[in-house]
Structure formats: C-alpha cells, structure tokens
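Descriptive structure summary
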Amino acid sequence: MTGSSSIQLSITGMSCASCVVRVENALNDVPGISGASVNLANEAARFESDAPAATGAAIEALSAAGYPARTARVTLNVGAMSCASCVGRVEQAQKAAQGILDVAVNLAAETAAVRYLPDVITPKEIAGISTAAGYPAEVADADARVSRSERKADEAQALARRVVFAAILTVPMFILEMGKHTIPGFEALVERTIGIQTSWLIQFTLATVVLFGPGWRFFEKGIPALLRRVPDMNSLVALGTGAAWSYSVVATFLPDLLPDGVRAVYFEAAAVIVVLILLGRFLEARAKGKTGAAIQALLGLQAKTARVLRDGQASEVEIEALRIGDLVLVRPGERVPVDGDVADGSSNVDESMITGEPLAVPKTAGNPVTGGTVNGIGSLTIAATRVGADTTLAQIIRMVEEAQGAKLPIQALVDRVTMWFVPAVLVLAMATVSVWLLVGPDPALTFALVAGVSVLIIACPCAMGLATPTSIMVGTGRAAEMGVFFRKGDALQHLDEVDIVALDKTGTVTQGQPSLTDLITTDGFDRAETLALIASVEAQSEHPVAEAIMKSAEYEGVSWPDATNFRSVTGYGVEALVRGRKVCVGADRFMAQQGIDIGPLEDRERALADKGRTALFAAVDRSLAAVIAVSDPVKSSSADVISALHDRGIKVAMITGDKKATADAIAREVGIDHVVAGVLPDGKVAALDELREGNRKIAFVGDGINDAPALAHADVGIAIGTGTDVAIESADVVLMSGDLRGVVNAIEVSRTTMRNIRQNLIWAFGYNVALIPVAAGALYPGFGLLLSPVFAAGAMALSSVSVLSNALRLRRIKPTMAEGDAPHQPATKLTTQPAE
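Residues numbered from 1 in each chain as written. Predicted model: local features only at pLDDT ≥ 70, side-chain atom pairs only at ≥ 80, totals over all residues. Heavy atoms only, no water.

Quick word on the overall build of the chain
The following threshold applies: Only DSSP runs of H or I covering at least 4 residues are called helices, and only runs of E covering at least 2 are called strands; the numbering of each starts at the N terminus. Relative accessible area decides the class of each residue, using a 1.4 Å probe on protein chains only: under 20% of the type maximum gives buried, over 50% gives exposed, and in between gives partly exposed. Should any heavy atoms of two residues lie within 4.5 Å, those residues are counted as being in contact. What sets the accessible areas is the Shrake-Rupley method with a 1.4 Å probe; for residues, cover comes only from the shown protein chains.
Within the chain, the secondary structure is distributed over 31 helices and 30 strands. Counting the 836 residues in the chain, one finds 53% classified as buried. Within the chain, counting contacts between residues at least 6 apart in sequence, those at least 24 apart form 70% of the total. Per element, the accessible surface of the chain, about 35,300 Å² overall, is 56% carbon and sulfur.

This is the structure in structure tokens:
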C-alpha cells in the first residue's frame, strides 16, 4: 500500500481464538486498513494503515466489537500561541501524525490535551510535533499546575517592562509627529530648531529600537509563520508595523523614490501599535493568570507534608512519600493530608471544601476522613486508605482540569472560521491597498498604506480564540468552588439545553436512610421470629432497605441466625435458607414469580404504599408470612429544588423501581410532574428514551450502582457525590455535597457560562465584521473618515481584554440555592401488628 504505515496496537478483552478472528475481521472491514494480524499471546494487533484517519476508524471499530485498544492521554504545555489560528495549526499538526486519536488545544490555558496510542507514539514525540510546527511544547508534569500562575505572573512582569520601555521611547516620537496636528505653531517651531529631516531621523532611531527591541517578538514569530504559509496574529502585526516603518524609511532616506505629495513618515504609528499591542498582551497575561484561580485554590488545599508513625516513631515526611496503611498524626488545626479512616482520637472536621456544609462533622475511630479537610480542636490518628493521585482532592483537581481543557460543540464554528481567518485578512489587506491605488484620491499611496496597515492590525483573531476557553475555565472553576464538578466539559453546554430533569428516588429525592415502620404478620407467624428470619436474609444484602430492617431488629433486641444459599434477584427481591427454611423477601412481582399468594395482605400493602412507604412481602417455605413497610424521608431541600427547576422552565420526572402508589405519594409531596414507577435498572434507560420523545434533552440525577446505565445514557448524567464510585464514573457532572440543591446550581452555572460565551463570541465576531470594513476605508467616501493604524491597534488590544474581562465576571457567580440539607429526620415509630 503506497504511503502506508505499519501499526501495532495492544488489544484488551481477548481470551480465545474466536476473539482473534473477530478482531481481525473488525480491522479488515475498516477502509484504509489492510493486512491485519492478531497475536493472542502478546495481545497485540498489527496492520497497515494508509492515513491517521484510518487508524482512528480502526480504534472505533475495535471498541464497537468489544475489544478496545489501549490508549493513553498526555497534556502538553504549548508556547508561542497567540491567537485562534495558532490553535488550529497545533491541532492540525498533531492530527496529521499516526497514533494520535484526539487533540484539544486550549489557548487560554496554553495547553494541549492529546489522546494517543502508546504503542505507536510517545509523549516526547507528540511534543516534538508541536515544536516542529513552530509552537514549542513540553510534557506537563506535576509541578506544571503549581507553576502556571507563577509563569503567567512572570510573563506579565516581563511584558510590563517591555511596555514601559517602549512607551518611554514612543512618547517623544508621538509629540514630534502629532504635535504639528494638534498644537498651533509646533511644526514651525520644529522647522526653526532641529528641522523636519532631523525630526524624522530621531523618530527613525526611536522607532527602530521599539520595533526591533520590545516589538521583536512579533517579527521573530510572525515572519517564520508567514514563510511556512501558516500566518498568525504575529504575522499581521509584523506586516503592518513593518510596512509603516519601511515606508517611513524610504521617505526619510530615499525621498526621490516617492512623489512629493506622499512623502510622510509613520514611525510613531508603528511604535504606538507595538506599545498598544504589548499593553493588550500584558493585560491578557494578567487575566489568563486569574482564569486558573480555582485550580490554584484547590491545590492550596493539599498538605505538603505529614507526620507519620513508623516503627513507633513520628517523623515528618513529604506527602509523596506516604503509603497506603501508614498511620498519620493530625494535630488540631491542621489539614488532613490523605484520605483514610480514623484509627484513634476524636475531633470535629471541617468538610466544607467537599460538602459545602458549614458545620464541622464529628469524627471518631472508624469514621472516614478526606484529604484537604481541616481538623478541629482534637488530635486524630488516621490510617491512610488512598494516597497521591487516588485521593478525593486529587481526583477533584483532575476533574476540574479536564473540564477546563475541554472543547464545547459551540467551539467547532469558531475553529472553522479562525483557521482561514488570517489568510483571509492578508487577502483583504492586499485588496484594500489595490483598490486605494486604483481609485483612491491623491495621495493614493498614502491612503493605501494607512488603510492596508489598519486592516492588518485591527483584524486580530485573538478575541475569537479566547472567547470560549476562558469562559469554560472560569465557569467550571467557580462551579468547583460551589461543589459542582463537571467531569466532562461538553456537559457545560448540554446542561444549558436540558428540558427535563429526571430524578432517582432513593438517596436523591429521599434521604437514602430508610427506617422500618410497619411489620404486619399473617396468622400463624410470630412477629419476633418473622423479623429474625427476614433479618437473616437481609443481612446478606447491601440494599438500604436491608440496613433498615437490620437496625430495627437490633433495636428490638432480636438476634438472627446466619443464612445460606443467598440469592439476589435485581429489581425483585432476595431469598436464602435459614435453618433449613426457605425465606423470600421482595416486591409483589417476586412473590408472583415464586407462586406465592399475597391476597391476605394485598390491601394492607396498598394502604402502606398510598402513605408513601415502600412495602415488601416476606414468605417462609412458600407461605405468605408478612408485609413490611419502610419509610425513606424526603430530603428537606427536594420540594424547593423542584420548585426552582420549574421556575427555570424545566419539567421534573422521577424514575424509581418502587410501586406507583408509593412514588405518586412522594411526587405529590414535592411537586414532581411525571412519575415512572416499578422499573428495573435497565428499565430506567427505556424510561429516559420515552421522556426524550419530541427531541427533548434529558438530565438524569442518581447515586446508586443501578443508576449507572441511566447516568451514562442521559444527555447529561448528574451523580450525587455521596453515592457509589460506579455512579460517579458514569456521570458527566458530580455534586460532591450530595445535596440536590447542587442540581440547580449546576444548571445556573451552565446557563450563565453559556450566556457569557455567546456574549464573547458576538463581541469577537461582531468586532471584526464591523471594524474591518471601517479600517479598509468604507466610511471615507461618505464621511471622509479613515481609521488610523494607531486606533486600530488600540481597538485590537481592547477586543481581547474585553473578552477576558467578561469571562472573569463568572468568578462572581453566586450559588442560587445555599447547600446543606437539614438534619435527617428521626425514624418513624415502628408499627408491628398481626393481620386481621
């Protein structure tokens, strides 16, 4: 195959020869792929690929076949990017390489997140691709996050020095040239004293120092980019200022080459352009440093050292040296260095950075603690359970970074436009000069120069490149400070489009801590004995209802024997053998499946369900023994949250495996619009599809393992952070506090951020659409107005600063609803009675 590359991939999921055949068939079916061969022993596949796109298609085909290839991610720090077209060029260079699957370049953060095939290309080679394209890159390390704000501060200081130096040299030029237009008699004074030619020589000297001193960065980066036929914003500035300076040099030293009517110098314009653009870059660097404030705040929560007990001795070690199982001493007022369990001591711990709860939480032996939280007045000894990158705080930082580096769908339009923007501006500038030379009034050459330079200077794509990423960085950072973490950046846009929020019931609308309220037995069954049998079975289960039954049995002083042959039927119930007796506990559909008649207690069960309680049946040796009812109190915030969602035009649904009567009772209590009840875990996905009819966008909120499929299937999955790791991994958004109010806050952050992005894009695009014709001279025929290159430079600098300043307003977003649920309500008094 001409121009093809040999690719080898590590394949996961293969276990036998039939797997090998399936992988080979999947690869050979991909256009552009040939000669696929698979080795089961080393779990590798080799094939010929004629283009990077074909390799990407092969990866997708392998995933669809159930044998995904091993991929990896790396983040690069990328330098020399100045505008949106630079972003496009870095991405183009990366995507053209074999082994790179996906690239997202962030102009505001100056990073590139790359997903690649580690068997094909290395991080060092990936960085080299960007460097070869003219944008020096290095692999980001752990210290890069810490130093980013310092790097931006250093960059701002360096730019400030350049601005001051350039401004000092520019002021005399500005006075000499502009004074004659504004101060009566000033031109005559210059002629009588130093003379016009000497004035021009002074301006030449000062302008040359400014352009090729502080302004050299524009030529250093812009001219090579132009020669590579990939011009960027630096190219525009270099061409504009270079043209003004070159014309002025000819007028000063070779005046005979120009007609008398067009002899003029624009040294001050070239210098002022450099000063204004450097000033804009300085303000930009300062603002960019502030966009990462949330990450810096999170990093500030990490302890640097810890006091660890080893061999009975306490010693202070670097946090990186901690290992799982280490005993860590935490003194009063110190930050907890790692995730762990309290081994000794008692104290109150401030967990507001995780939960948003203002009140400290009591901690004693056996209680979990989270790294980054603050210990109160007591001393604690903690057994480390998660260290380094596995701690909750490290995962939070990683989530925020990934969200901040994401590209929203709205960015696709910007990328398409900006990729061709600079070349289009160059064409427009040449066309502008040509038109002025052909039909312009005298002095046509002067007018052509002024208009052409103005077009080059004013048409800066910086604002377009910064419009989206800066808002994402600030918006997701502010959300993190509110306890709302966007695991996937595109969720920020999709959440703004949501029409319906679907809620799981247990642990989401309700507290998730049910208590047993009723136990009604049939004739011939003793209450205490029945409760013991039920507790024996439920002791094997991890369901919240099982925990409620066991707690009630303990409270009653009932002991229970061990059960054997335990079996759980998801969505139906559980069964086991207890001292040779078969005990079944579950919903009415489980009893029906077992062929057990529930008639004697059916009315009781219906009455309990009408009260909003979850009712289950118990059977012993295929005989109906009891109906039990569990009440899970509704969270105090649920009704307010649903009301707030209604105020925002969003409908609310509840999807639950509970009976419809129970679900309807809770829905009436909190104001839910639509109820889908009695569904199995896989039925939640079908329920979402029904709600999605009419092309409506759905957000699903849940916390359990059985919610994971629905969280993944929804347009936006929102996980309650106090839920299971499986649910959190399946979600797009995580509410760390476990408070449903976070849903409203997440939607508000999404809407405010998207509104901010649209404002930025309207400004950035509108600015160029409106001012490029003005710079070209569109107002001259009717009003005699021609935009000066100096004003063009000021407007260009202002556009980027305006976009950044608007994005930084997102730091002032306030939580719409204060988080922190009310204390859990006491358990309802247990009712036990025989059936009538």
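A look at the pairing of strand S3 (residues 44-49)
To be explicit about the condition: By definition, two strands form a pair when at least two bridges between them are found by DSSP.
Relative to S3, strand S1 (residues 5-10) runs antiparallel, the two sharing six bridges. Its bridge partner being in S3, Gln8 is matched across the sheet by Arg46. Of the pairings in the sheet, the one linking strand S2 (residues 33-39) to S3 comprises five bridges and is antiparallel in character. For Ser37, the partnering residue across the bridge sits in S3 and is Arg46.

Side note on the environment of Asp339
Heads up, the condition is: In the analysis that follows, any N or O atom pair within 3.5 Å is treated as a polar contact, provided that within protein one partner can donate a hydrogen and the other can accept it, and provided that, for residues neighboring in sequence, both atoms belong to side chains.
Relative to the helices and strands, Asp339 is located in strand S11 (residues 339-345). The contacts of Asp339, once residues within four sequence positions are left out, are Val369, Thr370, Gly371, Ala383, Ala384, Thr385, Arg386, Thr391 and Thr392. Polar side-chain contacts of Asp339 include one of 2.7 Å to the backbone nitrogen of Gly371.

A few points about the UniProt feature "transmembrane region" (unreviewed entry) in the chain
Selection criterion: UniProt positions are given in the numbering used here, feature names are shortened, and annotations may be inferred rather than shown by experiment.
UniProt's entry tags residues 158-176, 196-216, 236-258, 264-283, 417-439, 445-468, 761-780 and 786-808 with the feature "transmembrane region" (unreviewed entry), counted in the numbering of this structure. Spanning residues 196-216, this segment combines 86% helix with 0% strand, and its end C-alpha atoms are found 28 Å apart.

Thoughts on the pattern of salt bridges
Test applied: Basic side-chain nitrogens of Lys or Arg form a salt bridge, by our definition, when they fall within 4 Å of a carboxyl oxygen of Asp or Glu.
By the definition in use, this model includes 19 salt bridges. Two residues, Glu602 and Arg606, come together in a salt bridge whose shortest N-O distance is 3.8 Å. Of the two residues, Glu602 and Arg606 are both situated in helix H23 (residues 599-610); the distance of four residues between them amounts to about one turn of the helix. According to the relative accessible area criterion, Arg606 is partly exposed, its value standing at 41%. Between Arg692 and Asp715 there is a salt bridge, and its shortest N-O distance comes to 3.4 Å. Remark: Asp715 occurs in the loop between helix H27 (708-713) and strand S28 (716-720) and Arg692 occurs in the loop between helix H26 (681-691) and strand S27 (698-702); sequence separation between them is 23 residues. One network of salt bridges, in which partners are shared, links Glu529, Arg581 and Asp621.

Focus: the sheet that holds strand S17 (residues 484-486)
Let me state the cut-off plainly: Interaxial angles span 0 to 180 degrees and are taken between N-to-C directions of axes, which are lines fitted to C-alpha atoms, for helices over the stretch in contact.
A sheet is described by the order of its strands in space; here seven strands give the open sequence S17-S29-S28-S27-S18-S25-S26, paired in mixed fashion. The two strands at the open ends of the sheet, each matched to only one other strand, are S17 and strand S26 (674-676). Strand-to-strand twist of the sheet, defined as the mean angle between neighbouring strand axes without regard to direction, takes the value 20°. Bridge count for strand S18 (residues 500-504) against S27 is four bridges, and the pairing is parallel. Pairing of Ile500 across the sheet is with Ile698, part of S27. Strands strand S25 (651-655) and S26 of the sheet are contacted by helix H25 (residues 660-670), whose axis makes an angle of about 155° with S26. Here helix H29 (residues 741-776) sits on the sheet in contact with S17, S18, S27, S28 and strand S29 (733-735), set at roughly 55° to S17.

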